[in-house]
Amino acid sequence: MMWAVLRRKAASAGSSNLGKMQSLGKARPALAGSMSQSYADTILTPEAPTLGRNPKLARQIHLGVPVNSMPIRNVVSSLKSDFSTQMWSRSFSSDSGDLVDAVVPFMGESISDGTLATFLKKPGDRVEVDEPIAQIETDKVTIDVASPEAGVIQEFVAKEGDTVEPGTKVAIISKSGEGVTTHVAPSEPPTQDAAAKAEKPSSPPPPPPPPQPETQPPKAAPKQPSSKPSATEPQLPPKDRERRVPMTRLRKRVATRLKDSQNTFALLTTFNEVDMTNLMKLRSEYKDAFLEKHGVKLGLMSGFVKAAVSGLQNQPIINAVIDGDDIIYRDYIDISIAVGTPKGLVVPVIRDAEKMNFAEIEKTINTLAKKANNGSLSIDEMAGGSFTISNGGVYGSLLSTPIINPPQSAILGMHSIVNKPMVVGGEIKARPMMYVALTYDHRLIDGREAVFFLRRIKDVVEDPRRLLLDI
């Protein structure tokens, strides 16, 4: 009977524990589903490593998933990986947009880089929109780096002398001007208490070293006799009287093109002498009326441009160029005018000169000369050109042999006007005379065509009425 009582008690206890386990299993999904995300986030704090000590809690925070059969290390590792991914995928950016970059602009199809020549502003300076802050020197022109926004220059990123490409960041502009330090405040002088503390030694001075026995000073080494240069050795100037300055990119480009011209073309120069009396008389008589009507002065250059156009039309080979085994004849006349500037030689182009009158030529020359002097010529204004005129006479040159501007085939050199005794109508009279020179590529142009061209220049300049009558 005792054994029967013990069996009934054990059976009732087993059924009670089984009911509790079943009720707990039903409560787990409800508990997991009702758990909030914020509570789960508070669990996933640096105390997360303690989850391994409490497997029941870990099973509960795994939201909406029956984790009875999952190992605890899988649950914790998956929660940690989700948390770290959220942390590192967060983007940090400034919402103010106060800082803007000033970059190198596009410099032309044939220009890939340039040299940062100089800064026009300093950090802390106020700039307006499109105000130049730096200049980029290229092989052909000088280009400005403008400020994209109005503000204060915070700092320069590049340095003078750096080689920069289009899109390179040069400076950082602060639109509000905040955080820009324009100067450094001088440090305050130390107070008397601080000076006294500094003068007071922190520890007693060490005892003086014991006196050492007197020793005989070593004999000075005999001086080597200075080597005097021989009488035949040249005396060179000291290096401190010399200055080494790097070549500008424009000067390098000019030097390369001129040397290539000498190496490629068969250069030959022919000369002639022009009487400037009639052209100077025409200019003197009509200069005031010309200025009043057209707003520009009447110069001598427009007369030579018109004369060159007439000569090129009479001798088309002068306007042509060699290209490999072919000759390219140009049906247009673009006259390049050589202009010397402090930064180097530039050659802006007068487009379609054959369609222009004297006033249009003078206006174009005046505009291009101003741009050349202030360095604002564009690449398009210097590209091309079928013939060049160089006026060395403005500098006092009496005679010269100009070098062809590739890929052209000839160049006309003008020189200074000098009064000379000339025989006119059987009498000796003083006449304003100018030497003109034509350098041409002898591979393409023969002496006959070159002389005929220069004679046409002489005839038109000495008698401008030929242009009116087309003779």
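This text gives an overview of the structure that appears in the document. Here the residue numbers are simple positions, counted from 1 along each chain's written sequence. Local features in this predicted model are restricted to residues of pLDDT 70 or higher, and side-chain atom pairs are both shown and tallied only at a pLDDT of 80 or more, whereas totals for entire chains, interfaces and linings draw on every residue. To obtain the side-chain values, all non-hydrogen atoms of the structure were used and water was disregarded.

**What to know about the overall build of the protein chain**
The helix and strand inventory of the protein chain stands at 11 helices and 17 strands. Counting over 471 residues, the protein chain shows a buried share of 33%. Only the protein chains shown count as cover for residues, and all accessible areas are computed by the Shrake-Rupley method using a 1.4 Å probe. Here the protein chain displays about 31400 Å² of accessible surface, and carbon together with sulfur accounts for 55% of that area. Numbering of helices and strands runs from the N terminus, with a helix taken as a DSSP run of H or I at least four residues long and a strand as a DSSP run of E at least two residues long. For each residue, the accessible area found with a 1.4 Å probe, counting protein chains only, is set against the maximum for its type, and the residue is called buried under 20%, exposed over 50%, and partly exposed in between.

**Quick look at the sheet that holds strand E4 (residues 132-137)**
Here four strands make up an open sheet; going across it, the order is E5-E4-E2-E7 and the pairing antiparallel. The two strands at the open ends of the sheet, each matched to only one other strand, are strand E5 (142-146) and strand E7 (163-164). At least two DSSP bridges between two strands are required for those strands to pair. Two elements, strand E2 (residues 114-119) and E4, share four bridges in a ladder whose sense is antiparallel. What sits directly across from Phe-119, in E4, is Ala-134.

**What to know about the layout of surface pockets**
The rule is simple: put a 1 Å grid over the protein atoms alone, call a set of points where a 1.4 Å probe fits but cannot get out a cavity, call an open set with protein on both sides within 12 Å along at least five of seven lines a pocket, and count a residue as lining if it has an atom within 4 Å of a point. Grid points are joined across faces, edges and corners, and a volume is the space filled by probe spheres set on the points. Roughly 500 Å³ of volume is contained in the second largest pocket. In this structure, the second largest pocket is lined by 21 residues; those nearest its centre are Leu-282, Tyr-286, Phe-290, Leu-298 and Phe-358. Mapped by element, the contributors of at least two residues to the lining of the second largest pocket are helix H7 (277-294), helix H8 (301-314), helix H9 (358-374) and helix H11 (465-469). With eight residues, the single largest contributor to the lining of the second largest pocket is H7. Three classes are used: nonpolar for Ala, Val, Leu, Ile, Met, Phe, Trp, Tyr, Cys and Pro, charged for Asp, Glu, Lys and Arg, and polar for all others, with Gly counted as polar. A class-by-class count of the residues in the lining of the second largest pocket yields 12 nonpolar, five polar and four charged.

**Considerations on the packing of aromatic side chains**
Here a pair means two rings of Phe, Tyr or Trp (six-membered ring of Trp) with centres within 6.5 Å. Their orientation is stacked below 30 degrees between planes, edge-to-face above 60, and tilted elsewhere. Per the stated rule, a full pass over the model turns up two aromatic pairs. When the ring of Phe-119 is compared with that of Phe-156, the centres are 4.0 Å apart and the planes differ by 25°; the resulting orientation is stacked. Note that Phe-119 is positioned in strand E2 and Phe-156 in strand E6 (residues 151-156), a separation of 37 residues in sequence. Note on Phe-156: relative accessible area 18%, which makes it buried. Note on Phe-387 and Phe-453: the rings are 5.4 Å apart at their centroids and 65° apart in plane angle, and the pair reads as edge-to-face. Of the two residues, Phe-387 sits in strand E15 (residues 387-391) while Phe-453 sits in helix H10 (residues 447-462), which places them 66 residues apart along the sequence. Just as Phe-387 is buried, Phe-453 falls in that class too.

**Notes on the pairing of strand E16 (residues 410-424)**
Regular strands have side chains that alternate between both faces of the sheet. Of the pairings in the sheet, the one linking E15 to E16 comprises four bridges and is parallel in character. By the bridge assignment, Ser-390 is partnered in E16 with Gly-413. Both E16 and strand E17 (residues 427-441) contribute to a ladder of 13 bridges, which runs antiparallel. Bridge pairing in E17 links Gly-413 to Ala-437. Counted between consecutive antiparallel strands, the loop separating E16 from E17 contains two residues, among which Gly-425 sits at a positive phi close to 60°.

**Describing the sheet that holds strand E8 (residues 169-174)**
With antiparallel pairing, the four strands of this open sheet are ordered in space as E1-E8-E6-E3. Looking at the sheet topology across the chains shown, the edges are occupied by strand E1 (99-103) and strand E3 (126-127). Bridge count between E6 and E8: four bridges; the pairing is antiparallel. Looking at the pairing, Glu-155 lines up with Ile-172 of E8.

**Comments concerning a nonpolar patch on the surface**
For patches, a residue must show more than 30% relative accessible area and have no salt bridge; joins then use 9 Å for like charges and 5 Å for nonpolar side chains, namely Val, Leu, Ile, Met, Phe, Trp and Tyr. Note on definitions: salt bridges are taken to be side-chain nitrogens of Lys or Arg within 4 Å of carboxyl oxygens of Asp or Glu. On the surface, Phe-271, Leu-398, Leu-399 and Val-418 cluster together into a nonpolar patch covering about 320 Å² of accessible area. Tracing the backbone through its elements, the reader meets Leu-399 in the loop between E15 and E16. Judged by its relative accessible area of 46%, Leu-399 is partly exposed.

**Quick look at the side chain of Lys-306**
In this structure, Lys-306 sits in helix H8. Here Asp and Glu are counted as negative and Lys and Arg as positive; His is not counted, and neither are the chain ends. The buried charged residue Lys-306 lacks any salt bridge, with Glu-360 as its nearest oppositely charged partner at 7.7 Å. Side-chain atoms alone can form a polar contact between residues adjacent in sequence; in general such a contact is a pair of N or O atoms within 3.5 Å, and within protein one must be able to donate a hydrogen while the other accepts it. Only 2.9 Å separates the side chain of Lys-306 from the backbone oxygen of Met-356, close enough to count as a polar contact. Note on contacts: a residue pair qualifies if any of its non-hydrogen atoms lie within 4.5 Å across the two residues. Lys-306 has contacts with Met-356, Asn-357, Phe-358, Ile-361 and Leu-467, leaving out every residue within four places of it along the chain.

**A few points about the pattern of salt bridges**
Side chains that carry opposite charge are capable of pairing whenever their charged atoms lie near each other. Under the definition given, this model contains 12 salt bridges. Lys-121 is paired through a salt bridge with Glu-131; the nearest N and O atoms lie 2.7 Å apart. Residue Lys-121 is located in the loop between E2 and E3, and its partner Glu-131 is located in the loop between E3 and E4; the two are separated by 10 residues in the primary sequence. On the basis of relative accessibility, which here comes to 21%, the residue Glu-131 falls in the partly exposed class. Ionic pairing is found between Asp-334 and Arg-351, a salt bridge with its closest N-O pair at 3.6 Å. In this pair, Asp-334 sits in the loop between strand E11 (326-328) and strand E12 (335-341) while Arg-351 sits in the loop between strand E14 (349-350) and H9, placing the two residues 17 residues apart along the sequence.

**Digging into the environment of Tyr-435**
Relative to the helices and strands, Tyr-435 is located in strand E17. Tyr-435 gets classed as partly exposed once you look at its relative accessible area, which sits at 26%. Remark: the alpha-carbon pair of Tyr-435 and Met-414, spanning 21 residues in sequence, is separated by 6.8 Å. Discounting chain neighbours no more than four positions away, the residues touching Tyr-435 are Asn-272, Glu-273, Leu-398, Leu-399, Gly-413, Met-414, His-415 and Lys-420. A distance of 2.6 Å separates a polar atom in the side chain of Tyr-435 from a polar atom in the side chain of Lys-420.

**Here we look at the pairing of E15**
Judged by how many residues are buried, E15 sits mostly within the fold: four of five residues are covered. For E12 and E15, the ladder comprises four bridges, and the chain directions are parallel. Residue pairing in the sheet places Ser-336 in a bridge with Thr-388 of E15.

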